[in-house]
Number of protein chains: 2
Amino acid sequence: MKVPFDPESFRWQGIEPRPYKQGGGFEGITRYVIADQLPAAFALRYFELEPGGYSSLEKHRHVHLVIALRGAGKGIVGEEVVELEPFDAVYVPPLTPHRWINESAGAFGFLCPVDAERDRPQPLDADERRALRSNPVTAPYAF
Amino acid sequence: MKVPFDPESFRWQGIEPRPYKQGGGFEGITRYVIADQLPAAFALRYFELEPGGYSSLEKHRHVHLVIALRGAGKGIVGEEVVELEPFDAVYVPPLTPHRWINESAGAFGFLCPVDAERDRPQPLDADERRALRSNPVTAPYAF
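Parameters at a glance
- Every chain is numbered independently, its residues counted from 1 as its sequence is written.
- All chains are assigned letters beginning with A, and all ligands numbers beginning with 1, in the order in which they are written.
- Owing to the predicted nature of the model, reporting of local features is limited to residues with pLDDT of at least 70; listing and counting of side-chain atom pairs is limited to 80 or more, with chain, interface and lining totals taken over all residues.
- Hydrogens and water molecules were not included; the side-chain quantities draw on all heavy atoms of the structure.
- A least-squares fit on C-alpha atoms brings the copies together, and the residues used are those whose pLDDT is at least 70 in both copies.
- We call two residues contacting when some pair of their heavy atoms lies within 4.5 Å.
- Each salt bridge in this description consists of a side-chain nitrogen of Lys or Arg and a carboxyl oxygen of Asp or Glu lying within 4 Å of one another.
- Secondary structure counts use DSSP, requiring at least four H or I residues in a row for a helix and at least two E residues in a row for a strand, with both numbered from the N terminus.
- Only protein chains enter the calculation, and the probe is 1.4 Å; a residue is then buried if its accessible area is under 20% of its type maximum, exposed if over 50%, and partly exposed in between.
- Stacked, edge-to-face and tilted are the three classes for Phe, Tyr and Trp ring pairs, Trp counted by its six-membered ring, which pair at centre distances within 6.5 Å; planes under 30 degrees apart are stacked, over 60 edge-to-face, the rest tilted.
- For a Lys NZ or an Arg CZ to count as sitting over a ring, it must be within 6 Å of the ring centre and within 35 degrees of the ring normal.
- Using a 1.4 Å probe, buried area is obtained as the accessible area two parts lose upon being combined, added over both of them.
- Any pair of N or O atoms that falls within 3.5 Å is considered a polar contact. Within protein, one atom must be able to donate a hydrogen and the other to accept it, and sequence-neighbouring residues count only if both atoms are side-chain atoms.
- Throughout this description, the term nonpolar core refers to a set of buried Ala, Val, Leu, Ile, Met, Phe, Trp, Tyr and Cys residues connected via side-chain atoms within 4.5 Å.
- Strand pairing requires that DSSP identify at least two bridges connecting the strands.

Visitor: How do you make sense of the relation of the copies chain B and chain A when you look at a structure like this?
Guide: Two copies of the chain are present, and they differ by a rotation about an axis and a shift along that axis. The transform that puts chain B on chain A rotates by 180 degrees and translates by 0.0 Å along the axis, for an RMSD of 0.0 Å. In symmetry terms, the pair is related by a two-fold rotation axis. Most of the interface of chain B is mirrored in chain A, where 100% of its interface residues are also at the interface.

Visitor: Sorry, what's going on with the pattern of salt bridges here?
Guide: Where side chains of opposite charge bring their charged atoms close, a pairing between them can arise. Residues and elements named next belong to chain B. Inspection of every chain in the model, using the stated rule, returns 17 salt bridges over all chains. One salt bridge in this structure joins Glu-103 and Lys-74, with 3.0 Å as the shortest N-O distance. A residue pair is termed long-range when its members are at least 10 positions apart, and Glu-103 in the loop between β11 (98–101) and β12 (108–115) and Lys-74 in strand β8 (residues 73–77) qualify at 29 residues. By relative accessible area, Glu-103 is classed as exposed at 52%. Notably, a salt bridge pairs Asp-127 with Arg-130, separated by 2.8 Å at the nearest N-O pair. Placement of both Asp-127 and Arg-130 in helix α1 (residues 126–134) is noted, with a separation of 3 residues, approximately one turn of the helix. The burial state of Asp-127 is the same as that of Arg-130; both residues are exposed.

Visitor: What is the right way to look at the packing of aromatic side chains in this model?
Guide: Aromatic ring pairs: the centre-centre distance and the angle between the two ring planes describe each pair. A full pass over the atoms with the stated rule returns 27 aromatic pairs over all chains. Each ring, one from Phe10(A) and one from Phe87(B), has its centre 5.6 Å from the other, and the planes form 50 degrees; the classification is tilted. Taken together, the residues span two chains, with Phe10(A) in the loop between β2 (5–6) and β3 (11–12) and Phe87(B) in the loop between β9 (80–84) and β10 (89–92). Counting every residue linked through ring pairs, the aromatic cluster contains Phe5(A), Phe10(A), Trp12(A), Tyr32(A), Tyr46(A), Phe87(A), Phe5(B), Phe10(B), Trp12(B), Tyr32(B), Tyr46(B) and Phe87(B). If you follow Arg99(A) out to its NZ or CZ, it ends over the ring of Phe143(A), 4.1 Å from the centre.

Visitor: Just checking my understanding: could you explain the environment of Phe108(B) for this structure?
Guide: Residue and element names in this part refer to chain B. In this fold, Phe-108 is placed in strand β12. Overall, the relative accessible area of 0% leaves Phe-108 in the buried class. Distance from Phe-108 to Pro-86, taken between C-alpha atoms, is 9.6 Å for residues 22 residues apart in sequence. The contact partners of Phe-108, leaving out residues within four places of it in the chain, are Phe-47, Glu-48, Leu-49, Ala-68, Arg-70, Gly-71, Ala-72, Gly-73, Lys-74, Leu-84, Ile-101 and Asn-102.

Visitor: Looking at this structure, I do not really get the interface of chain B and chain A. What am I missing?
Guide: Interface size is often expressed as the accessible area that is lost when the parts come together. Taken residue by residue, the interface counts 36 residues in chain B and 36 residues in chain A. Approximately 3200 Å² of surface area, both sides summed, lies buried where chain B meets chain A, with 73% of it carried by carbon and sulfur atoms. Among the residues of chain B in contact with chain A, Met1(B), Phe42(B) and Phe87(B) are the three that bury the most area, contributing 24% of the side total. Our count for the contact surface shared by chain B and chain A stands at 2 salt bridges. Across the salt bridge formed by Asp88(B) and Lys2(A), the nearest N and O atoms sit 3.7 Å from each other. Where chain B meets chain A, there are 12 residue pairs in polar contact (both at pLDDT 80 or more). At the level of elements, β1 (2–3), β5 (27–35), β6 (42–54), β7 (64–70), β9, β10 and β12 of chain B are the ones that each hand at least two residues to the side of chain B that touches chain A.

Visitor: When you look at the nonpolar core in this model, what are you seeing that I'm missing?
Guide: Grouped burial of nonpolar side chains is what soluble globular proteins tend to show. Ranked by internal contacts, the top residues of the largest apolar core, which has 42 residues, are Trp12(A), Leu111(A), Trp12(B) and Leu111(B). Leaving out residues up to four positions away in the same chain, Trp12(A) has contacts with Val3(A), Pro4(A), Phe5(A), Ile34(A), Tyr46(A), Leu69(A), Leu111(A), Phe87(B) and Ala89(B).

Visitor: So what exactly am I meant to see when it comes to the pairing of strand β8 (residues 73–77) of chain A here?
Guide: Along any regular strand the residues' side chains alternate between the sheet's two faces. All names here are of chain A. Most of β8 sits out of view: 5 of its 5 residues are buried. Side chains of β8 alternate between two faces, with Gly-73, Gly-75 and Val-77 and Lys-74 and Ile-76 buried alike. Here β8 pairs with strand β9 (residues 80–84) via 5 bridges, running antiparallel. Counted as the bridge partner of Lys-74 is Glu-83 from β9.

Visitor: Help me out: how do you make sense of the side chain of His60(A) in this one?
Guide: Here His60(A) shows up in the loop between β6 (42–54) and β7 (64–70). Beyond its immediate chain neighbours, meaning those up to four positions away, His60(A) contacts Pro94(A), Leu95(A), His98(A), Asp119(A), Arg120(A) and Pro121(A).

Visitor: Can you help me understand unusual backbone geometry in this one?
Guide: When glycine is set aside, most residues are seen to have a negative phi, and most peptide bonds are trans. Cis geometry is found at the peptide bond from Pro86(A) to Phe87(A), where omega equals -10 degrees. Positive phi, normally seen in glycine, also occurs at Phe10(B), with a value near 50 degrees. One non-glycine residue, Leu95(B), lies in the positive phi region at around 60 degrees. Relative to the helices and strands, Leu95(B) resides in the loop between β10 and β11.

Shape descriptors only; they carry no functional weight alone.
Set out below in structure tokens:
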């Protein structure tokens, strides 16, 4: 019932990396599912981005409440860009465009509890993309 | 949307401590609710035990998936006693008796995502108490 963590490798024993997702729009990101088959309404994942890695720019109805765990990274959340270090938390409201980015020289990792039953991520629509690309704060990350 | 963490105080900005619960059977434990009013099926709490602190010995149908974050502690989980250090995870199945204990000289803290809608904790029944008290592994923590 215990899932031991190994500080040297920054990994949980027996938790194998899984591909982040199919398709494109992301780079150097790995998913570790700590638990998603619980008799519970939530699942818990750990994501890690390599230096230069980033996740998909997407939105969905289910919310995120991310807790940074390793290294330093950034998130686009709506029109904001937030800097994340252990154990900063960030809330992503429903249908808010978001992307996680690692511009640092080391790994950037975060915990991401979510509803077990949740909608699939959607790409942004043309207006949302235009808004992020015309805002100087978010433009560098809205590729 | 960002909730900054302050490493010096080991606290999240704007997240005030709340009493753990009413009644007895616990000591030196504080609850920090990172988020429980999300439009989501989960809530996220951080609990911290002072040196010598412990939580109630209890059970409930909702599961726990605890992630240790600060210091070192122990958990009774059913008939096991597990040692917890950052970022060990431990799963508590439905209706499994459990208690968290801090026998260390520093604070022991852990994240605890749960179902937003969940049943109330129950005390153990007489048979469960007797089983934990007669097992030399769990007896020291089954007071």
